[in-house]
Each structure stands twice: as C-alpha cells, then as structure tokens.
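# Summary of structural features
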Amino acid sequence: MPDALLETQQLRKEFGGLVANDDVDFTVPRGSIVSLIGPNGAGKTTFFNMLTGVYRPTAGDVWFDGERMTNKPPHAYTQRGIGRTFQNIRLFQNMTALENVLVGMHVRLKGNLFEAIVRTPRVRREEQGAREHARELLALCNLRGRDAVIGRNLSYGDQRRLEVARALATQPKLLLLDEPTAGMNPQETAEFTDFVAKLRDDRDLSVLLIEHDMRVVMGVSDRVTVLDYGEKIAEGTPQEIQKNERVIEAYLGAAAVGHSS
Amino acid sequence: MRRRISPYWWRALGAAGLTQPRWLALSPTKRRAIKTTTWVAILLILIALFGVWKATAFALAAVIGLLIVPAWNRIPYGKFFVPVAVLGIFVCYPWYGASMPQLPIFGPFPQQSTVVVMLIFSMMALGLNFVVGYAGLLDLGYVAFYAMGAYMAGWFASNQFAKQHLDIGAVGLFPGWTGYHITIWLVLLMAGIATAIIGVIIGLPTLRLRGDYLAIVTLGFGEIMPQVARNGDNLFGTGFNLTNGTGGITPIDGPGFGNWAQHNLHLPANYLNAANFDSLFLWTAIVLVGITIFCSMRLRDSRLGRAWIAIREDETAAAAMGIPLMRTKTWAYATGAFFGGVAGAYYASYKSGAFPDDFFFNISVFILCMVILGGMGNIWGVIFGACFLAYLDREGLANVGAWFNSHFHTNLNVPLYEFGIYGVIIVVVMLFRPEGLIPSQRRAAELHEGVHDEPLYDTETAGA
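Residues numbered from 1 in each chain as written. Chains lettered and ligands numbered in written order. Predicted model: local features only at pLDDT ≥ 70, side-chain atom pairs only at ≥ 80, totals over all residues.

Take the overall build of chain A next. Secondary structure summary: chain A contains 11 helices and 10 strands in total. For 261 residues, the compact-globule formula gives about 18 Å, and the C-alpha radius of gyration of chain A, at 19 Å, lands near that figure. The buried share among the 261 residues of chain A stands at 45%. Contacts in chain A between residues at least 24 apart in sequence constitute 65% of all its contacts with a sequence separation of at least 6. (Helix = DSSP H or I, 4+ residues; strand = E, 2+ residues; numbered from the N terminus. Rg over C-alpha atoms; globule rule 2.2 N^0.38 Å. Buried ≥ 20, exposed ≤ 12 C-beta atoms within 10 Å, placed from the backbone. Contact = placed C-beta atoms within 7 Å.)

So this is what it looks like as structure tokens:
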C-alpha cells in the first residue's frame, strides 16, 4: 500500500506456547478509520499493545510513518504520533482533568528541570499555552467546566472522553481506541461515532478502533480487519466483511455458515 | 475529608447529638476551628492528667490555634502567612531559644545546634521526597547520597590529600596545610553535582525495577557506600588513601566569606571562629532549606513534576502518554541525590568531619520515616516530620525519657530504644493516617483508594 501510515509485517507474539498473534500483516492507510474486530480472546488487545510498544513482538516489524518502530520503548511511539486509550480506563485517578491532559502534552512540551526551577519566560509562556490548549481539548471532548475535577470523581462517560482528550493532547497522527464505546448507551455511542468521524475530518487523523459494537464498526470504518485465534482471517470494506464466510463462521460457528449459504 | 471518618465514629458522635449532616452543614472554617479546638483540648487534658500543667501549655495551644484554625488561603496573601511565621520562628531562634520556659514532658527548647541538625535533615528529607513523595519510588539507600556529599566536603576542604596543594577561597587555613581547600560554598555545589551524578549511575541499572525490587537494590547501594568509606584507606591495595578508613576525614574547613567580606560587608570571615558559631550555621541552613523548598515547589508544578506524579499513579499509562520512564525517574533520583549531597556536605562542614559510622543503614530508614511521618509529597509535612524526628533523635527522646523515669520511678534508658520507638511511630502512622500528619491531598486520596499497580510491559522494553 503506497500511503500507509502504519504497517505491520508478519507481526507475531507468543506467550510461552500460546500464539497470541500469528504473523499478522496489517495496514492503516493515511486518513482512514480502520476497525479491528474479532471474538473475545482473538488477540486484538495484544496486537494493540504491540502497536504502542507496550509489548515487544516475538517476530515481525512495525512501521509507522516510514520509520521502523520495532522494539522501541512506548514513549517513542507516542513521540512519533501514536496516541491511545485503554480498554479498562487508565486515567491518572488523582490528578484533575486538566492535569491529565497536560500529562498527555508531555512529549510536545520542552521545558526541562533547570528552566522549571528558574521559570524562564519561555517556560512560562509554554505552560500558559499548554493550559489553554488543554482547556480547548476538554471543551472539544464535551468536558467543559470539568477542568478541576479529580479523575476518579468523573462519571464513567466523562472518564472515557477524558481518555480521548488525553490521547489527543499527544497530538497523534494515529489514534488507537480500545473499545471506546464499552458501557455506553446507544445514544452516547452514536454521538461518539460522529465524534470520531469528525476528528478524522477536522484534525487530519487516522483512527484504529477495536470495537465490539457492530453498528459502530460498520457505520464509521473505511476498512475492517478481523482477527480470530490470533490470525487475520479477513480484511476489507464493511460490506465485504459482512458477507465474508470465514467471519460469520468465526462469530457464529460453522453451522451458521451452512444455513446462510 | 468525610470519607476518612469511619461510620463507628459517627455512631458514637451521633449518640452525643452530632450527626454527620449537621456537622457538614457547618462552614468549613467552623469545622476546622472545632476540630482544632478539640485536639488542643485533648492535648491539654492529657498534659493536665500527667501532672505537668504549665502556663506554657496555653501559649502552645494558642500558637497551634492561630496557625491552624483560620482558613488563611481565603485571605489575600494569606497563603504566605504560615510560611513567613515559620521562617520567623526559625530565623529568630538564636535570640529567644535559650530563654524559653520549659515545655511539659519535652523539657527545654532544643539547643541551637539541634536546630541546625533539624534543618539539615529537613533538607535531606526534602531531597528524598522527590524520589519517594513525587515519583513514588521507594529508596532505602538514601544515606549513600548523604555519605557522598560528606566525603566530597572531606576531599575538597581538608588536608586529606597530602600530595596536593590547592586553595580556592578557603578560610581558616593553618600554616603547613596540604590537600585541596576549596571554599565551602563551591564545595556544596560540587557535592550536589557529584552526588547527582552518583544518583544517575546508581539509577540507570536499578530504576528499571519496580517496587520492592528497587527497594532491595537501593538498600544494597546504601550498604556499599559506608563499606567503601570504611575500607577506602588503601584503595585496591595501591596504598592510595581515599577516605582515611574508620578514622574518617577530619577536620573539614568551615564556611566563611573571608576577611575582605568581613571588613567591607560585615559578613563573617570564618564560621568556626565566630562567637555566634551555631547561629551562623543555623541561618545558613535556613537559606539552604529555603532553596530546597523553592526548587521542590517549582518542580512540583512543572512539566517534569507532572510526569513524576503520573508515573507514581500509573506507570503504564504514563509511558503510553509519552513519558520516558527511565529518564524521568532518573531525573527524580538525581534531583533527590543533589539535595542529599548538599545537605551531607554542609553537615560535614558543620561537624568538621566525615566519619563512616555516620552512614549506617538506619539513617536511610530515619530519613524515610521523616518523609512518611510528615506526609509523602507534601513539602511542609516533610519538613515537620524531619524537624520532629531529628529533634527526638538529638534531644527529645532523652528529655522524654528523663520525664518518664522521674514520673513512673523507672530506670529506662529511653534513647536506647530509639529505633524501636520510630518503628512504633511509623506503624501507628501507617495504620491510622497512612498519608502522614500533613498530607498532600492527592497522596491522601491515593492511599485511601489504592492505585493501579499492575505489571508493566515486558521489562526488556523498559529502557529509554
């Protein structure tokens, strides 16, 4: 693929004898929304963790924006422009919403130890700018007025949105969302889907989504990749995936395929 | 605050007519005032019960009340009131300290020399607070930095190296001196930097470890340093005398500004010759602690400070947000080491010596106790913990012991049980107030709610 933002080649992860990801080739084209689906335990989150440096692949390579990222530490991935959220929310529970977003900006700020002690005009300006930008991001994610609320005191939906705000604060080129709509009601889910589509259009982002809710996946994705038992079993547009026999088999069992054909 | 009080408390208080809603309906200032008054009243009753009633108890209660009751942060410039009051209390100590009446139980006010030590330990505790309080890394070998600082003063401000002959602004040199003699002001800075470098060297291999493992490795380094000091009089069998072995390095030059400054600026030429020797060291220590506080606050509110707190809260999430774990932790280590080194060098200059027996493991625990007792992550709490424990160590325990023996007709040598008593204090604090006496709000929340502590990613990727 000529303009792939993210590309994996034969990416493999074994935990002891268990093969969690079996030589997965995968691409996220620039400016697209790609969904990664699969039954529980298919290795989606493991795959995600390899794309963010949290896990080290057993074999294979990760390329991002033309650079080989394999075996780099997690912060290097963020530095190059991969922002992520977590399946089980991992906010900094005892920091305020604003501080959470400011931590997300860490890689984009420069002030070092000595400048912080002297508080040079440059650092002061940078901090002020960062705070303003953080407030804008909070407003963008529907968290206006929640700046000073401690992370764990936010409602569930707000925590999910704050995770997205924090990920956006890293100024990513690629946003990785791990089951972002888990636990949301249908209306919230619909709003969130629109929000993701809007982000892609307004901010020149590509999005990689792990999702269980098929309405979200089919509604917003440009491409869908299906994992089962760590193997990529299908890839294509949402329409193609809906008709793919192997996918139906993976989700519903072999008998279902027999009936539908 | 409500969460902290267990329902049992409320059941008892409810029986007395004070229900939770009624209490919460009061204004925060009133609640604070009532709480403080209650504590002071309990304190006074206890003092009265033990038969040591003194007029000073009233004065003490009044001071506590004045400092704690009003919500100073609501008044313009109010937030400066307590720090300025504390600063005043310390700066003026040489003038009133000796003439203060005896306190109940604790006896006379501490001597100036004790206050100097209290301040030096405050500085060390603030240094350790960077590591333990901010970044959440348990360091059981902090004494290594203290030792390094002290020996830096020993090497660069004494006659230690007999073959060398170098004098950079040193004061109080005797005829026939040898070795390096650099002015203490510069040595303090050098000690800080050298210790920070040692901190980085120790940190790089160890900071990949988490929690208990890190604690054990730092414990090891804390043991290595004094051993090197003790056996360093014949380094690698070459006959090179680095540390002068068990004898330690002594005497070490005192601080001072030289004769020119004394004539023209009325600054003391040499602290060690001055009549108000202790007061000079006291005031200088106040300046050093002030610098440490300033750096602590600036860093806490900076990009780096946020990163430290983020690592403490959730390492995995912090790494995913682009915080380089190793580098950030190493900075915390180096910063903490810097202040430990400066404090160590200053202490060596005050004692005019660096002795290996001062750097036992128990000092590491002692400083850690100060941080825990006062309140991890809170600058004022840490200073309080450091002052209180250092005071107990130098004078307090002996005084309390004497009081105890005379009232209960026992014959205990209380200072002998020093570390047992600290242990009990720490256990009690951890049980009833794990956030310390003066906690940082964030830290209090963590300790009551718990934080994420799940295994991080593969250890081999942890490097940065």
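On to the sheet that holds strand β2 (residues 18-29) of chain A. Judged by pairing direction, the sheet is antiparallel, and its four strands sit side by side in the order β2-β1-β4-β5 (chain A) without closing on themselves. Each edge of the open sheet is held by one strand with a lone partner, namely β2 and β5 (67-68) of chain A. (Pairing = 2+ DSSP bridges.)

Let us now look at the packing of helix α3 (residues 97-104) of chain A against helix α5 (residues 121-140) of chain A. Packed helices, taken two at a time, are described by the angle between their axes plus the distance between the axes. All names here are of chain A. Interhelical geometry of α3 versus α5 gives an angle of 110 degrees and a closest axis separation of 9 Å. In terms of orientation, α3 and α5 fall into the roughly perpendicular class. Remark: the crossing between α3 and α5 carries right-handed chirality. Seen from α3, the contacting residues are A97, L98, V101 and L102; seen from α5, they are A130, A134, L137 and L138. Of the residues belonging to the contact of α3 with α5, the class tally is eight nonpolar, no polar and no charged. (Axes fitted to C-alpha atoms, helices over the stretch in contact; angles between N-to-C directions. Parallel < 35°, antiparallel > 145°, perpendicular 65-115°, else oblique. Left-handed = near helix turned anticlockwise from the far one by under 90°. Nonpolar A, V, L, I, M, F, W, Y, C, P; charged D, E, K, R; others polar.)

Tracing the chain through its elements places F388 of chain B in helix α17 (residues 379-408). Taking C-alpha positions, F388 of chain B is 8.1 Å from M370 of chain B, a pair spaced 18 residues apart along the chain.

Moving on, we get to the nonpolar core. Residues and elements named next belong to chain B. Within the largest apolar cluster, 179 residues are counted, with the highest numbers of intra-cluster contacts made by I120, M152, A153, V187 and M370. Sorting elements by how many residues they give to this core places helix α7 (residues 112-134) first, with 16 residues. With residues up to four places along the chain from it excluded, the contact list for I120 reads A285, A343, Y346 and Y347. (Core = buried A, V, L, I, M, F, W, Y, C linked by C-beta atoms within 7 Å.)

In this assembly, 33 residues from chain A lie in contact with 34 residues from chain B. Counting residues per element, the ones that place at least two in the side of chain A that touches chain B are α2 (74-80), α3 and α4 (113-118) of chain A. Looking at the side of chain A that touches chain B residue by residue, the class counts come to 14 nonpolar, 12 polar and seven charged.

Once that is clear, we can look at the sheet that holds strand β8 (residues 206-210) of chain A. Residues and elements named next belong to chain A. The six strands lie next to each other as β6-β7-β8-β3-β9-β10, forming an open sheet whose pairing is mixed. For this open sheet the edge positions go to β6 (82-84) and β10 (231-236), each flanked by a neighbour on one side alone. Each neighbouring strand pair of the sheet contributes to a mean axis angle of 20 degrees, computed without reference to strand direction. Pairing of strand β3 (residues 33-37) with strand β9 (residues 223-228), which is carried by four bridges, proceeds in the parallel orientation. Within β9, the position partnered with I37 by the bridge is V226. Helix α10 (residues 245-252) rests against β9 and β10 of the sheet, and its axis sits at about 130 degrees to β10.

It is worth spelling out the packing of α7 of chain B against helix α15 (residues 325-351) of chain B at this point. Residues and elements named next belong to chain B. At a closest axis distance of 8 Å, the pairing of α7 and α15 adopts a crossing angle of 165 degrees. With respect to each other, α7 and α15 are oriented roughly antiparallel. In this structure, the crossing between α7 and α15 has a hand that is left-handed. Only A332, Y333, T335, G336, F339, G340, A343, Y346, Y347 and Y350 of α15 make contact with α7, whose side of the interface consists of V116, I120, M123, M124, L126, G127, L128, F130, V131 and Y134. Considered class by class, the residues forming the contact of α7 with α15 number 16 nonpolar, four polar and no charged.

Before going further, it helps to examine the pairing of strand β1 (residues 4-15) of chain A. All names here are of chain A. Pairing of β1 with β2 involves eight bridges; the strand directions are antiparallel. Bridge pairing in β2 places F15 opposite L18. Joining the antiparallel neighbours β1 and β2 is a turn of two residues, in which G16 adopts a positive phi near 60 degrees.

Now for the confidence of the model for chain B. Predicted confidence across chain B gives a mean pLDDT of 83, with 86% of residues reaching 70 or more. In the model output, the complex is listed with pTM 0.85 alongside ipTM 0.90. (pLDDT = per-residue confidence, 0-100.)

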